[in-house]
Amino acid sequence: MRIAYLGPPGTFSEEAVSRCDLVRGGEAIPRPTFADAYHALRRGEVDGALLPIENSIEGSVGATLDLLVHEPGPLIRRELLLPVRQHLLARPGTRLEEVRRVLSHPQPFGQCSRFLGERLPGVTLEPTHSTAEAARKVGAGEAGAGAAAIGSRAAAARYGLELLAESIQDVDENFTRFVLLAQADEAPTGADRTSIAFTLDRDRPGGLYEVLGELASRGINLSKVESRPMKQALGHYVFFLDFEAHRLDAAGAEALAGVRARVHRLWLLGSYPRGQAP
């Protein structure tokens with residue numbers, strides 16, 4: 001399989017590709033943004049795209065959720081929980097007190113906010129497309145003197161950087177949930193999860209309560225529910241919901257039929273085996 005992921009090499013996304021059973025041994029193809037990886041799949045240039053969808057500290061990755069709804073088509077075929085350890089990386093010889101700028105993807109800034117506030121107060125935070133891109137820029141000297149990056153140990157080794165501080169994330173149990181997107185999802189395994197998104201009629205009270213009741217009445221466990229702006233007008237939201245059943249199971253199929261009858265629009269995002277924390 002040819003799998004697109006957020007590059008350059010050295011990102012946590014690349015590590016997630018190496019740990020995904022379905023794509024192990026395939027060709028990993030780095031792309032500069034989440035959207036680039038997703039669009040490569042939609043155009044048929046790759047067989048799958050592995051994207052982060054949720055972090056245990058910072059919550060959902062909005063860019064991935066927005067792609068699934070605003071440019072639908074690909075379905076979730078696998079989920080993978082990756083333990084994430086963030087480190088402060090700099091060129092050899094740099095001291096912590098010399099750091100004036102820190103580069104990284106926006107998500108790690110939130111994951112490491114306590115360390116940044118306590119150990120590097122007042123430093124400039126510069127967002128990049130990925131942690132590996134931040135490490136590459138620091139290693140190549142493109143970020144200038146006094147620059148550091150937040151990223152992985154693998155990125156440090158790849159781009160010739162030292163670890164100024166290790167495991168700087170706010171919470172030690174830091175996991176990122178990745179999803180493998182493909183043209184089709186998986187057949188039932190008996191231990192599955194289904195992801196959907198939907199919108200409600202704005203002026204009908206109790207709409208979300210009724211949707212959740214379709215799952216509760218069938219004894220289906222709800223593992224996630226959240227809303228995001230629909231990006232059309234203030235007050236328009238799309239709800240994302242994960243439940244523990246396959247869309248082809250009897251209970252899952254009945255629940256989906258019930259939900260479909262109660263919502264304005266429904267997106268099926270895929271059914272797939274439930275991932276386990278390593």
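What you see is a predicted model; the values in this text were computed from it and never measured.

A. Just the overall build of the protein chain, in detail. Of the regular secondary structure elements, the protein chain holds nine helices and 15 strands. Across the protein chain, contacts joining residues at least 24 apart in sequence account for 77% of those joining residues at least 6 apart. Entry remark: accessible area of the protein chain is about 12400 Å², with carbon and sulfur atoms responsible for 49%. Both charge centroids of the protein chain, one from 32 positive and one from 35 negative side chains, sit 2 Å from each other.

B. Spatial organisation of helix 3 (residues 62-70). With seven of its nine residues buried, helix 3 lies for the most part within the structure. Within the sequence span of helix 3, burial applies to Gly62, Thr64, Leu65, Asp66, Leu67, Leu68 and Val69.

C. Molecular detail of the pattern of salt bridges. All chains considered together, the criterion is met by 27 salt bridges. Two residues, Arg262 and Glu210, come together in a salt bridge whose shortest N-O distance is 3.2 Å. Pair noted here: Arg262 is in the loop between helix 9 (250-260) and strand 15 (265-273) and Glu210 is in helix 8 (residues 207-216), with a separation of 52 residues, a long-range link. Taken together, the salt bridges that share partners define one network made up of Glu54, Glu79, Arg177, Arg193, Lys224, Glu226, Asp242 and Glu244.

D. Examining the sheet that holds strand 10 (residues 162-165) more closely. Taken in spatial order, the five strands line up as 8-7-9-6-10 in an open sheet, and their pairing is mixed. Each of the sheet's edge strands pairs with one partner strand only, and the pair in question is strand 8 (124-127) and strand 10. Strand-to-strand, the axes of this sheet are offset by a mean angle of 35°, without reference to chain direction. The pairing of strand 7 (residues 101-104) with strand 9 (residues 147-151) spans three bridges and is classified as parallel. Following the sheet pairing, Leu103 is matched in strand 9 by Ala149. Here helix 6 (residues 131-139) sits on the sheet and contacts strand 6 (87-90), strand 7 and strand 9; the angle it forms with strand 9, its principal contact strand, is near 155°.

About the thresholds
Sequence positions are assigned chain by chain, starting from 1 and proceeding in written order. Residues qualify for local features only when their pLDDT is at least 70, as the model is predicted, and side-chain atom pairs are given and counted only at 80 or more; totals for whole chains, interfaces and linings, by contrast, use all residues. Hydrogens and water molecules were not included; the side-chain quantities draw on all heavy atoms of the structure. Each helix is a run of H or I in the DSSP string that is no shorter than four residues. Each strand is a run of E no shorter than two, and both are numbered from the N terminus. Any two residues whose heavy atoms approach within 4.5 Å at even a single point are treated as in contact. Only the protein chains shown count as cover for residues, and the accessible areas themselves come from Shrake-Rupley with a 1.4 Å probe. Positive: Lys, Arg. Negative: Asp, Glu. His and the chain ends are not part of the count. Every charge is mapped onto a representative atom, which is NZ of Lys, CZ of Arg, CG of Asp or CD of Glu. When a residue's accessible area, from a 1.4 Å probe over protein chains only, is under 20% of the maximum for its type it is buried; when over 50% it is exposed; and in between it is partly exposed. Salt bridges, as used here, are contacts in which a Lys or Arg side-chain nitrogen is within 4 Å of a carboxyl oxygen on Asp or Glu. Pairing between strands requires that DSSP locate at least two bridges from one strand to the other. Between the N-to-C directions of two axes lies an angle of 0 to 180 degrees, each axis being a line fitted to C-alpha atoms and, for a helix, fitted only over the stretch in contact.

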